Amino acid sequence: MRIGLVPTMGALHEGHLSLVSLALGEADRVVVSIFVNPSQFGPGEDLASYPDTFDEDLMKLKEAGVHCVFFPSVDEIYPNGFSTSVNVSGLTETLCGKYRQGHFNGVSTVCAVLFGIAQPDIAVFGRKDAQQLAVIRRMAADLGLGVEIHAGEIIRESDGLAMSSRNLYLSPGERAQASVIFRGLSKAAELVLKGERVVERICYSVREIIEEAPLAAVQYLELVDPNTMKPVTKLTTPALLAVAVYFGHTRLIDNVILKP
Ligand code: PAF
C-alpha cells in the first residue's frame, strides 16, 4: 500500500487540490496535513493573520476523496524539548532564502517531522514554490528518507496570477494589478523563444512590465539554475526565472522555466 502525503498550511485552493489529485493518482491512501508552521515565519511576517478556512478545507478534501486529514497542534509537532532543526545549505542562500532568514530551516524541519509521522512513499509539492521543492528534494535525498518527491504544476487564475493562499490578502485594486507578474514571466519566455539569451535584457524586460503596475514592488527577480538555485549569467541550459513581488503587505512569488 503506497501512502501519499500532501503537506499544506490550509486555506486550500485549486493549486492544492491539483496536488491532491496527483497524489491520489500515485498512491493508494492520501494524507493531507494542514499545519500553519510557526517556525517558517520570520518576525513581522504573516503567521498571526495567515488565512484560516478550515471548515471549507475539510469539505474540499472530503469531496476530493482524501483518506486522511492530519491537523496537528503546534505542541504535537514541536513537543516540549524539541531541539532539531534541519538545515539544507547552499540551495537556501538565494531568492527567498536571502530575504526570509530561517524560513527554509522551518520548512525542512516541519517536513522532516511530517514525513516521520506519516511515513509516506511519496510527497507532493507545488512548483510555484520552486526553491522549497528543490530544498525538500535535497533533504529527502541527503537524509535517505525513502520518500519520492513529486511536483505539481503551477495552477493559475484566468488572468495568469498563480494561485496562492496569500492572494486572499490582496485588495481589489492590488488583485487587479497582480496579473503583471505572469505577464512579465510570459514576456521572458517569449523573448527566449525569439532567441534572446542575454540575462540582463530578459530581466530588464520582465521588471519593466511588472513595474508598470503602480502597486507592485519587486523584491527579487533572478535567473537561477533550477537545481542549485545559484544565479546564472548565461542562458545555455534551462534556467528558473523566479520573482517575488510585494503588493502592499502581500508578498507573492512566481516563476517560469526558460528553455533556450
Ligand atoms: O508550502 C507550504 O504550504 C508549506 O511551506 C509546507 C510545505 C506545507 C510546510 O509547512
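We now turn to the structure provided with this report.

How each quantity is defined
Residues numbered from 1 in each chain as written. Predicted model: local features only at pLDDT ≥ 70, side-chain atom pairs only at ≥ 80, totals over all residues. Heavy atoms only, no water. Helix = DSSP H or I, 4+ residues; strand = E, 2+ residues; numbered from the N terminus. Buried < 20%, exposed > 50% of the residue type's maximum accessible area, 1.4 Å probe, protein only. Core = buried A, V, L, I, M, F, W, Y, C linked by side-chain atoms within 4.5 Å. Contact = heavy atoms within 4.5 Å. Expected span 1.5 Å × (residues − 1). Near = heavy atom within 4 Å. Polar contact = N/O pair within 3.5 Å; in protein donor to acceptor, adjacent residues only side chain to side chain. Areas by Shrake-Rupley, 256 points an atom, 1.4 Å probe, with all protein chains shown as cover. Phe/Tyr/Trp six-rings, centres within 6.5 Å; stacked < 30°, edge-to-face > 60°. Pairing = 2+ DSSP bridges. Axes fitted to C-alpha atoms, helices over the stretch in contact; angles between N-to-C directions. Parallel < 35°, antiparallel > 145°, perpendicular 65-115°, else oblique. Left-handed = near helix turned anticlockwise from the far one by under 90°. Nonpolar A, V, L, I, M, F, W, Y, C, P; charged D, E, K, R; others polar.

1. Here we look at unusual backbone geometry
Negative phi characterises most residues that are not glycine, and trans characterises most peptide bonds.
Right, on to step 1. Unlike most non-glycine residues, Leu95 shows phi in positive territory, near 45°.
Right, on to step 2. Following the sequence through the fold, Leu95 ends up in helix H4 (residues 95–99).
Right, on to step 3. Taking the relative accessible area as the measure of exposure, Leu95 reaches 2% and is therefore buried.

2. With respect to the nonpolar core
Right, on to step 1. Cys111, Phe115, Phe125, Ile136 and Ile149 are the most contacted members of the largest nonpolar core, which totals 37 residues.
Right, on to step 2. The set of elements that each furnish at least two residues to this core consists of H4, helix H5 (103–118), strand S4 (122–126), helix H6 (130–142), strand S5 (148–152), strand S6 (216–224) and strand S7 (239–247).
Right, on to step 3. Of the residues forming this core, the biggest block, eight residues, is contributed by H5.
Right, on to step 4. If we skip the residues at most four places from it in the chain, Ile136 touches Val107, Ser108, Cys111, Phe115, Phe125 and Ile149.

3. Here we look at helix H1 (residues 14–26)
Right, on to step 1. In this model, H1 (13 residues) spans 18 Å end to end at C-alpha, consistent with the 18 Å of a helix rising 1.5 Å per residue.
Right, on to step 2. On its buried side, H1 packs onto strand S1 (3–8), strand S2 (29–34), helix H2 (54–64), S4 and S5.

4. Regarding the site of the ligand
Right, on to step 1. Lining the immediate surroundings of the ligand are Pro7, Thr8, Met9, Asn37, Gln40, Val107, Val110, Phe125 and Gln132.
Right, on to step 2. At a separation of 2.6 Å, an oxygen atom of the ligand approaches a polar side-chain atom of Gln40.
Right, on to step 3. In this structure, an oxygen atom belonging to the ligand sits 2.7 Å away from a side-chain N or O atom of Gln132.
Right, on to step 4. Protein coverage of the free-state accessible area of the ligand, which is 290 Å², stands at 89%.
Right, on to step 5. Listed by contribution, the elements that provide at least two residues to the shell around the ligand are S1 and H5.

5. A short note on the packing of aromatic side chains
Right, on to step 1. Within the structure shown, the criterion is met by six aromatic pairs.
Right, on to step 2. For the pair Phe35 and Tyr78, a centre-to-centre distance of 6.3 Å together with 50° between the ring planes defines the contact as tilted. Residue Phe35 is found in the loop between S2 and H2, and its partner Tyr78 is found in the loop between helix H3 (74–77) and H4; the two are separated by 43 residues along the sequence.
Right, on to step 3. Residue class for Phe35 comes out buried when judged on its relative accessible area of 6%.
Right, on to step 4. Aromatic pair Tyr99 and Tyr220: ring centres 5.9 Å apart, planes at 20°, arrangement stacked. Note that Tyr99 is positioned in helix H4 and Tyr220 in strand S6, a separation of 121 residues in sequence.
Right, on to step 5. Each member of the aromatic cluster is reached from another via a ring pair, and the members are Phe35, Tyr78 and Phe82.

6. Observations regarding the sheet that holds S1
Right, on to step 1. If you trace the five strands from one edge of the open sheet to the other, you get S3-S2-S1-S4-S5, paired in parallel fashion. Of all the strands in the sheet, just strand S3 (68–70) and S5 have a single pairing partner and so form its edges. Across the sheet, the mean angle from the axis of one strand to that of its neighbour is 25°, orientation sign disregarded.
Right, on to step 2. Lying on the sheet, H1 is in contact with S1, S2, S4 and S5; it crosses S4 at an angle near 155°.

7. Concerning the packing of H5 against H6
For any two helices packed against each other, one specifies the inter-axial angle together with the distance between the axes.
Right, on to step 1. Running from N to C, H5 and H6 point in directions that differ by 50°, and their axes come no closer than 10 Å. Taken together, the axis directions place H5 and H6 in an arrangement best described as oblique. Helix-helix and strand crossings are classified by hand; for H5 and H6 the assignment is right-handed. Residues Phe104, Val107, Ser108, Cys111, Ala112 and Phe115 of H5 touch H6, and the partners they reach there are Gln131, Gln132, Val135, Ile136 and Met139.
Right, on to step 2. When its residues are assigned to classes, the contact of H5 with H6 shows eight nonpolar, three polar and no charged.

8. Looking at the packing of H1 against H2
Right, on to step 1. At a minimum axis distance of 11 Å, the contact between H1 and H2 shows a crossing angle of 30°. Handedness of the H1/H2 crossing: right-handed. Across the interface between the two elements, Leu17, Val20 and Leu24 from H1 touch Lys60, Leu61 and Ala64 from H2.
Right, on to step 2. Residue composition of the contact of H1 with H2, by class: five nonpolar, no polar and one charged.

9. Side note on the pairing of S7
Right, on to step 1. With respect to burial, S7 is a largely interior element, eight of its nine residues being buried.
Right, on to step 2. For S6 and S7, the ladder comprises eight bridges, and the chain directions are antiparallel. Bridge pairing links Leu223 to Leu241 in S7.
Right, on to step 3. As paired elements, S7 and strand S8 (residues 250–258) share nine bridges and run antiparallel to each other.

What is shown is where atoms sit, not what they do.
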